[in-house]
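Listed here are the chains, written in short residue letters.
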There are 2 protein chains.
Amino acid sequence: MNIALIGAGNVATHLGRKLTEVGEEVVQVFSRNAQKAKQLADELKAGFTADLGQIVDSADIYIIAVNDDAIGSVAERLESNGLTNKLIVHTSGATPMAVFYNTAPNLQKVGVFYPLQSFSKIRPADFGKIPICIDARDLEDQQLLEKLAQKLSPHVYAVNDGKRAVLHLAAVFVNNFTNHLYQIGHNLLETADLPFELLMPLIQETVAKLNDGSPAAMQTGPAVRNDEATIRRHINLLEGEPQLQAIYRSLTNSIQTIP
Amino acid sequence: MNIALIGAGNVATHLGRKLTEVGEEVVQVFSRNAQKAKQLADELKAGFTADLGQIVDSADIYIIAVNDDAIGSVAERLESNGLTNKLIVHTSGATPMAVFYNTAPNLQKVGVFYPLQSFSKIRPADFGKIPICIDARDLEDQQLLEKLAQKLSPHVYAVNDGKRAVLHLAAVFVNNFTNHLYQIGHNLLETADLPFELLMPLIQETVAKLNDGSPAAMQTGPAVRNDEATIRRHINLLEGEPQLQAIYRSLTNSIQTIP
């Protein structure tokens, strides 16, 4: 398939590389930043443009991999470019497919192609392990997206707007919030002049244990033991850090009451 | 060295196995539960007892690996058994060495031998990766504990009561609290009839990224982007779940303000 890639950030870059690798053809890369567009386009042996008015009309599928808040305006431009019968998808977990109905109601063939991973510039993406969540207005497009996704990953899921919203929220808890807990641990150790690497085996083991049972079954620590003396000592240790105390209390309360 | 192991739970079991493996001799295992004591003792080719009054006086070191709240009473019993010139250590991250001064002031040679890991019954412990944090009242005992610890792990740290309290608090954040965030993710996905395995690659990547930079540098998501629309949508999705909303808010606030 001929693919137009709208965006040149982390998602567009890793997706573009993998699509090319499995034999799909990226025909054009768009970015508002012409240099970024050219750089990715060169790598993918594609054309490039920094002008949404110059998007090719020859692609089979248009993949919008831009910031969430720009998806609507890109869709509008594609609509006014007359691409109303082309398959147009976005890659966002946080954005409903309905964004297309609201901002570009004349687009007939729309969908979502959401690779559930936190991509970074410097780390290679292992698509073989990345779930791809797809959705489309039409069944035919859904099937086409499913086939395309299966070329990239064995883990393809049909996930509609409602489910994807919950999935994205869960991802915030296990990725963004977890990472912040790592930061808190990092900062605490710094105050005691201890290296963060002390915590790495524990962090890795916490994840590895998920293979043995549900997280609820794996819960340990003062909260689940109702060890109020330790909890009090910890809250006291966090004196002068009301935000950390709030996090400590909210998570402890939740551990003690959620089934 | 001859070692008396007081306790037969996860820490005692994994520690006892490793000590035996590196050529130390566990001479006796104590547990209030005679069957558990016998089972571990048999594995380690040691004697066993369920009576603290019958603890041998021939060991070079007594390792107390029992629940935090039982350490003081065990120390008291060892003191009244007359083991006042024997090296006695506990394995708890949450308990100060001072527990010995308070409950058994006649014990002369006391210390801490804290393997920083979350041990579980079914998973083997890879001591080569486990930091061991040691402390002792006397320098000579400190050096002895250091040598013993180095036989088990290349990662040995001298950590006093003040630092260990902070370390244990940090461990609660990155292990117990992180695991609870996994549970929340698990429960959210269940409400949407999605499998938890969808989140595993993201969870693993979040940890893997810690090799590339500090957690603060790796932070992504709506909070750090100040994406108030997504934050509002998430809070709304959590309607009827005040505890999850409290966690979401406390972590979001902290991400937005902590340097």
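Keep in mind that what you see is a predicted model, and the values were worked out from it rather than measured.

Attention now goes to the side chain of A:Thr206. Of note, A:Thr206 is situated in helix H7 (residues 200–208). Accessibility expressed as a relative area gives 4% for A:Thr206, which makes it buried. Not counting chain neighbours up to four residues away, the residues in contact with A:Thr206 comprise B:Val174, B:Asn175, B:Asn179 and B:Tyr182.

For the rest of this paragraph, the subject is the relation of the copies chain A and chain B. The operation relating chain A to chain B is a screw motion whose rotation component is 180°, with 0.0 Å of axial translation and a residual RMSD of 0.0 Å. Here the two chains are linked by the operation of a two-fold rotation axis. In terms of proximity to the rotation axis, the leading residue of chain A is A:Thr178, whose C-alpha is 2.8 Å off the axis.

Turning to the interface of chain A and chain B, a few remarks are in order. Tallying the contact residues gives 90 residues for chain A and 90 residues for chain B. Surface buried jointly by chain A and chain B totals about 8400 Å² across both partners, of which 68% is contributed by carbon and sulfur atoms. For the interface between chain A and chain B, the tally reads 4 salt bridges. Put simply, A:Glu205 and B:Arg123 hold a salt bridge, and the shortest N to O gap is 2.8 Å. Summed over the shared surface of chain A and chain B, the number is 34 residue pairs in polar contact (both at pLDDT 80 or more). Secondary-structure elements contributing two or more residues to the side of chain A that touches chain B are helix H6 (161–191), H7, helix H8 (215–218), helix H9 (228–237) and helix H10 (242–257) of chain A. Considering each element in turn, the side of chain A that touches chain B owes the most residues, 27 residues, to H6(A). Residues that form the side of chain A that touches chain B fall into these classes: 50 nonpolar, 29 polar and 11 charged.

So, how was this worked out
- Residues numbered from 1 in each chain as written.
- Chains lettered and ligands numbered in written order.
- Predicted model: local features only at pLDDT ≥ 70, side-chain atom pairs only at ≥ 80, totals over all residues.
- Heavy atoms only, no water.
- Helix = DSSP H or I, 4+ residues; strand = E, 2+ residues; numbered from the N terminus.
- Buried < 20%, exposed > 50% of the residue type's maximum accessible area, 1.4 Å probe, protein only.
- Contact = heavy atoms within 4.5 Å.
- Least-squares fit on C-alpha atoms with pLDDT ≥ 70 in both.
- Buried area = accessible area lost by both parts, 1.4 Å probe.
- Salt bridge = Lys/Arg side-chain N within 4 Å of Asp/Glu carboxyl O.
- Polar contact = N/O pair within 3.5 Å; in protein donor to acceptor, adjacent residues only side chain to side chain.
- Nonpolar A, V, L, I, M, F, W, Y, C, P; charged D, E, K, R; others polar.

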